[in-house]
Amino acid sequence: MFRRVAIIGGGAAAATLISELLDRPSAQPLHLDWYTGTQEMARGVAYGTRSSRHLLNVRAASMSLFTGKPRGFLDYAQRGDSSVAGTDFLPRRLYGDYLEAEVRGTLARAADRGHDVQVKPFDVDALVPEKDGVTVIQGDESQRVDAAILAIGSLPPQPLGGVEPTVLDSGKYIVDPWRFLATAQFDPAPREVVVIGLGLTAADVLLELGAQWPQAHFIALSRHGKLPEAHMLDPSMPLDDGGELFEALRDAPDMRSWMRLMRESIADADDWRSVVDGLRPHLPTLWQELPTTERERFLRHVRWAWERVRHRMPPQVAETLAGLERDGRLLRRPGRMQHVRAEGDRLRVSVAPRGGRQPESLTADLVVQTVGLNTDVRRTKHALVRQLSTNGHVLADPLGLGLQAEPDGRLRYEGGAWPNFFAIGSMLRGTLWETTAIPEIRQQARSLAERIFAP
Ligand SMILES: Cc1cc2nc3c(=O)[nH]c(=O)nc-3n(C[C@H](O)[C@H](O)[C@H](O)COP(=O)(O)OP(=O)(O)OC[C@H]3O[C@@H](n4cnc5c(N)ncnc54)[C@H](O)[C@@H]3O)c2cc1C
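In this text the structure is predicted, and so the values were computed from the model without any measurement.

Quick look at unusual backbone geometry
Residues other than glycine predominantly adopt negative phi, and peptide bonds predominantly adopt the trans conformation. Despite not being glycine, Ala42 shows a phi value in the positive range, around 80°. Here Ala42 shows up in the loop between β2 (31–35) and α2 (44–47). Ala42 sits in the buried class, given a relative accessible area of 0%. Although it is not a glycine, Trp433 adopts a positive phi angle of roughly 60°. Mapped onto the secondary structure, Trp433 falls in the loop between α15 (429–432) and α16 (438–453).

This is the structure in structure tokens:
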């Protein structure tokens, strides 16, 4: 058992792990240092939004923090509003309230259970893992712990190639859409906005800015110009074919066969969503067994289509975006941004349209980059991740998917896997692929807690 533990990160993954560790009835007393990075507790990027337009993309009944208490979030929401159903897509802000309430309750009970918990609202500057412990450095202080867990979510977004430095300096090219939405104050409000990327982050941006700026028009660019698919109002059950599709995919670990098998399964199913959802628990195994060349092929050719069907929008969100399109305020363009230049007090965006047609040029008052979670350790400016990587304490995933790790979360270095240095959540993408959402994170938290208390 590890008696002294540090958790680095103040978001949902850390909150889940802390509750798993401290609320166990039979847990041994633990000394826990929790470095939250901010004053705000448990919400992180996803659930820190103050906008009621931003909805969970998972139904309420599947968003409990704990594997052992599956109705956790639903019960919390129904205490506030008895008409809430398990199939509803609720505001992420409400989920943030739930997370914070859970974790504050856990912390309040911790001393009675014999735990010593220090909450430190600072960024950790450096970590030095060794075989028998990890040194945690924050400012002038350094602490030695038995084990450390990185729960830092994904990395800060980086500007895309082709964006000139003057554009970045102008304040009219937004690299971090979540930070921008939290503080967006523009006077006068922009009239023409270009959004680069068309996933769930773009949906957040279009919903919020579409409502705040009723005169604004949006052009959204992406490789295929398609929005994510929508959830059905009534959920279909994940396909249970006794593992047939999973085994067939496993036996043929190449993209061509996978595409064929998926098409065949979907043709036989009442609803394609049930096939995608039925595969979700098997994805870590499939990903781990996939050769690197096929992983590359997946990222290059299949990822965009997979993300559209796997990360779906709530139906209300799809309807609002369809309304923006009907009103002529949202135009989707299939194409690739080539570069962005400043032109007077506006921005000019050059686009290579899909199909090899002549490049086009758009002007905008504001450009918002919405290209999804960044997990590329090789190019990050995140100070702690750079320190760990530069000092050889961790290894970057070669395809830009977080840090190299074992399936149980132990981080790898040149000499093997650390026995006492773990990650949870997005940094495990290269190992597990499916690792960023709450249903996966709470499983990881439970396994980590068991490992920490293991004799
Ligand atoms: C906009 C958005 C919406 C989402 N919606 C859903 C959803 O509806 N359902 C779902 O299941 N999943 C959703 N997700 C997935 C989401 O990633 C997870 O649900 C969850 O929020 C991840 O939490 P995390 O703790 O891993 O990361 P984060 O919430 O990003 O938290 C990371 C924390 O680490 C801290 N940190 C970073 N560096 C340091 C350091 N050096 N020292 C100390 N602290 C540090 C940060 O300050 C932050 O507090 C969404 C994600 C996003 C971005």
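Some remarks on the domain arrangement of the protein
When the domains of the protein are assigned, the result is domain 1 (4–156 + 375–453), domain 2 (165–230 + 313–369) and domain 3 (244–310). Just the C-alpha atoms count here: the centres of domain 1 and domain 2 sit 31 Å apart. In this assembly, nine residues from domain 1 lie in contact with eleven residues from domain 2. Considering only the side of domain 1, the residues that lose the most area to domain 2 are Arg53, His54 and Phe89, jointly responsible for 54% of the buried surface there. One can count two salt bridges joining domain 1 with domain 2. Our count for the contact surface shared by domain 1 and domain 2 stands at four residue pairs in polar contact (both at pLDDT 80 or more). In terms of residue class, the side of domain 1 that touches domain 2 is built from four nonpolar, three polar and two charged.

Looking at the layout of surface pockets
Estimates place the volume of the second largest pocket at around 450 Å³. What lines the second largest pocket is a set of 20 residues, among which Met259, Met262, Val302, Trp306 and Val309 lie closest to the centre. Of all the secondary structure elements, the ones that give two or more residues to the lining of the second largest pocket are α9 (255–268), α10 (272–279), α11 (283–289) and α12 (292–310). Of all the elements, α9 adds the most residues to the lining of the second largest pocket, at six residues.

As for the site of the ligand
Around the ligand sit 35 residues in total, of which Ala13, Tyr47, Asn57, Val124 and Ile438 are the nearest. The contact in question runs from an oxygen atom of the ligand to an N or O atom on the side chain of Tyr47, over 2.6 Å. Within the contact set of the ligand, an oxygen atom lies 2.8 Å away from a backbone nitrogen or oxygen of Asn57. Protein chains bury 88% of the 990 Å² of accessible surface belonging to the ligand in isolation. When contributions to the shell around the ligand are tallied by element, the ones reaching two or more residues are α1 (12–22), α2 and α16. Per-element accounting of the shell around the ligand gives the leading share, four residues, to α2. The residue inventory of the shell around the ligand, partitioned by class, reads 21 nonpolar, eleven polar and three charged.

Calculation criteria
- Residues numbered from 1 in each chain as written.
- Predicted model: local features only at pLDDT ≥ 70, side-chain atom pairs only at ≥ 80, totals over all residues.
- Heavy atoms only, no water.
- Helix = DSSP H or I, 4+ residues; strand = E, 2+ residues; numbered from the N terminus.
- Buried < 20%, exposed > 50% of the residue type's maximum accessible area, 1.4 Å probe, protein only.
- Domains from an automatic or database assignment.
- Contact = heavy atoms within 4.5 Å.
- Buried area = accessible area lost by both parts, 1.4 Å probe.
- Salt bridge = Lys/Arg side-chain N within 4 Å of Asp/Glu carboxyl O.
- Polar contact = N/O pair within 3.5 Å; in protein donor to acceptor, adjacent residues only side chain to side chain.
- Nonpolar A, V, L, I, M, F, W, Y, C, P; charged D, E, K, R; others polar.
- 1 Å grid on protein atoms, 1.4 Å probe; cavity = no way out; pocket = protein on both sides within 12 Å on 5 of 7 lines; lining within 4 Å.
- Points joined across faces, edges and corners; volume = space filled by probe spheres on them.
- Near = heavy atom within 4 Å.
- Areas by Shrake-Rupley, 256 points an atom, 1.4 Å probe, with all protein chains shown as cover.

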